[in-house]
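Report on the structure
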Amino acid sequence: MRILIIEDERKLARALKRAFEQERYAVDISFDSDDGLMMAETQPYDAIIVDRMLPGNFNGIEIVKKLRKKNNTVPILLLTALGQTTDKTTGLDAGADDYLVKPFAIEELLARIRSLLRRTSSSASTSLSVGEITLDPTRLTVSHGDTPVTLTAKEFALLEYFLRNPNRILSKESIMSHVWDYDADILPNTVEAYVKQLRNKLDKPFGTKYIETIRGFGYKLIAEKAKSDAQ
Ligand code: CA
């Protein structure tokens with residue numbers, strides 16, 4: 001999952017980036033509204049956190065309005081400073097999905113974003129599973145059947161992206177833009193290397209083939225249907 005944080009308090013923005021990265025998200029930060037809006041419009045984020053008061057040509061609410069006007073449905077959480085709480089309804093009316101009043105505990109923000117992502121994904125449960133593979137985004141655990149599998153942070157993020165898009169052909173470009181952040185120095189063959197590592201940990205030891213290669217394009221995670229056909 002890749003998120004964008006538009007927040008001009010640099011210390012806070014960096015603390016949030018670190019916290020989200022620990023939870024296996026890819027995170028981009030922007031310190032002003034023009035740059036933030038440009039990133040939000042051009043990159044495929046899974047969620048956006050935007051501060052209400054920002055330097056530049058727009059405030060947070062205007063950013064939300066502009067994105068919604070272009071039919072961008074990305075989940076957005078608006079941050080408001082204490083004393084601006086009357087802006088709550090304005091933010092939600094503009095199209096934000098949630099808001100949080102500063103100061104807040106980072107844990108609270110993490111929980112809100114998790115819940116926004118859950119609302120937009122098809123499954124209501126916290127853990128994601130396809131066939132025998134289960135991933136718990138809150139406890140950061142992965143298992144194949146009853147066997148726990150240890151993954152690195154990026155392998156985990158990659159698997160989460162696959163599990164959120166089962167049976168869909170995912171291009172290497174789409175994988176790169178959802179699993180790695182803007183600054184990451186990454187090439188299509190980096191994706192290949194990570195997919196290989198995932199297979200070595202999740203498929204090979206169990207004799208399964210969940211991750212299918214779509215030649216010259218990308219990959220597909222085979223979900224229940226293919227599995228029940230095989231039984
Ligand atoms: Ca601000």
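Before reading on, note that the structure itself is shown above.
A brief report on the enclosed structure follows. (Residues numbered from 1 in each chain as written. Predicted model: local features only at pLDDT ≥ 70, side-chain atom pairs only at ≥ 80, totals over all residues. Heavy atoms only, no water.)

1. Overview of unusual backbone geometry
Residue Pro-103 is reached from Lys-102 by a cis peptide bond, and omega for that bond is -5°. Phi at Asn-167 is positive, roughly 60°, even though this residue is not glycine. Note on placement: Asn-167 falls in the loop between helix H6 (153-164) and strand S10 (169-171). A relative accessible area of 40% means that Asn-167 is categorised as partly exposed. (Helix = DSSP H or I, 4+ residues; strand = E, 2+ residues; numbered from the N terminus. Buried < 20%, exposed > 50% of the residue type's maximum accessible area, 1.4 Å probe, protein only.)

2. Here we look at the pairing of strand S12 (residues 218-221)
The side chains of a regular strand alternate, residue by residue, between the two faces of the sheet. Looking at chain direction, S10 and S12 are connected through three bridges and run antiparallel. Residue Leu-170 lies in a different strand from S12, and its bridge partner there is Tyr-219. Note: strand S11 (residues 211-214) against S12, four bridges, orientation antiparallel. Of the residues in S12, the one forming a bridge with Ile-214 is Gly-218. (Pairing = 2+ DSSP bridges.)

3. Points about empty space enclosed by the protein
A complete count under the given rule lists two cavities of 30 Å³ or more for this structure. Empty space within the second largest cavity amounts to approximately 50 Å³. For the second largest cavity, the full set of lining residues is Glu-23, Tyr-25, Arg-114, Pro-137 and Glu-160. Looking at the lining of the second largest cavity, its residues break down into two nonpolar, no polar and three charged. (1 Å grid on protein atoms, 1.4 Å probe; cavity = no way out; pocket = protein on both sides within 12 Å on 5 of 7 lines; lining within 4 Å. Points joined across faces, edges and corners; volume = space filled by probe spheres on them. Nonpolar A, V, L, I, M, F, W, Y, C, P; charged D, E, K, R; others polar.)

4. Description of the sheet that holds strand S3 (residues 47-51)
Strands sit in the order S2-S1-S3-S4-S5 across an open sheet of five strands; the sheet is parallel. This sheet does not close on itself; its edge strands, each paired only once, are strand S2 (26-30) and strand S5 (98-101). Looking at each pair of strands side by side, their axes are set apart by 20° on average, direction ignored. Of the pairings in the sheet, the one linking S3 to strand S4 (residues 76-80) comprises four bridges and is parallel in character. The residue bridging Ile-48 from the neighbouring strand is Ile-76, located in S4. Sheet strands touched by helix H3 (residues 60-69): strand S1 (2-6), S3 and S4. Its angle to S4, the strand with the most contacts, is close to 165°. (Axes fitted to C-alpha atoms, helices over the stretch in contact; angles between N-to-C directions. Contact = heavy atoms within 4.5 Å.)

5. Topic: the packing of aromatic side chains
Applying the stated criterion across every chain yields a total of three aromatic pairs. When the centroid spacing of 5.2 Å and the interplanar angle of 80° are considered together, the rings of Phe-20 and Tyr-25 count as edge-to-face. Residue Tyr-25 is classed as buried on the basis of its relative accessible area of 8%. Aromatic pair Phe-162 and Tyr-219: ring centres 6.5 Å apart, planes at 90°, arrangement edge-to-face. Here Phe-162 is found in helix H6, whereas its partner Tyr-219 is found in strand S12, with 57 residues between them in sequence. When sorted by exposure, Phe-162 lands in the same class as Tyr-219, which is buried. The positively charged end of Arg-10 is found above the aromatic ring belonging to Phe-31, 4.0 Å away from the centroid. Seen from the ring of Phe-156, Arg-24 lies directly overhead, with NZ or CZ sitting 5.9 Å from the centre. (Phe/Tyr/Trp six-rings, centres within 6.5 Å; stacked < 30°, edge-to-face > 60°. Lys NZ or Arg CZ within 6 Å of the ring centre and 35° of its normal.)

6. Some words on the pattern of salt bridges
Considering all chains together, one arrives at 15 salt bridges under this definition. One salt bridge in this structure joins Glu-9 and Lys-102, with 2.9 Å as the shortest N-O distance. Of this pair, Glu-9 sits in the loop between S1 and helix H1 (10-22) while Lys-102 sits in the loop between S5 and helix H5 (106-120), and the two are 93 residues apart along the sequence. Notably, a salt bridge pairs Arg-114 with Glu-23, separated by 3.1 Å at the nearest N-O pair. Highlighted residues: Arg-114 in helix H5 and Glu-23 in the loop between H1 and S2, separated in sequence by 91 residues. What makes Glu-23 buried here is its relative accessible area of 16%. Three or more residues joined by partner-sharing salt bridges are found here, namely Glu-7, Glu-9, Asp-51 and Lys-102. (Salt bridge = Lys/Arg side-chain N within 4 Å of Asp/Glu carboxyl O.)

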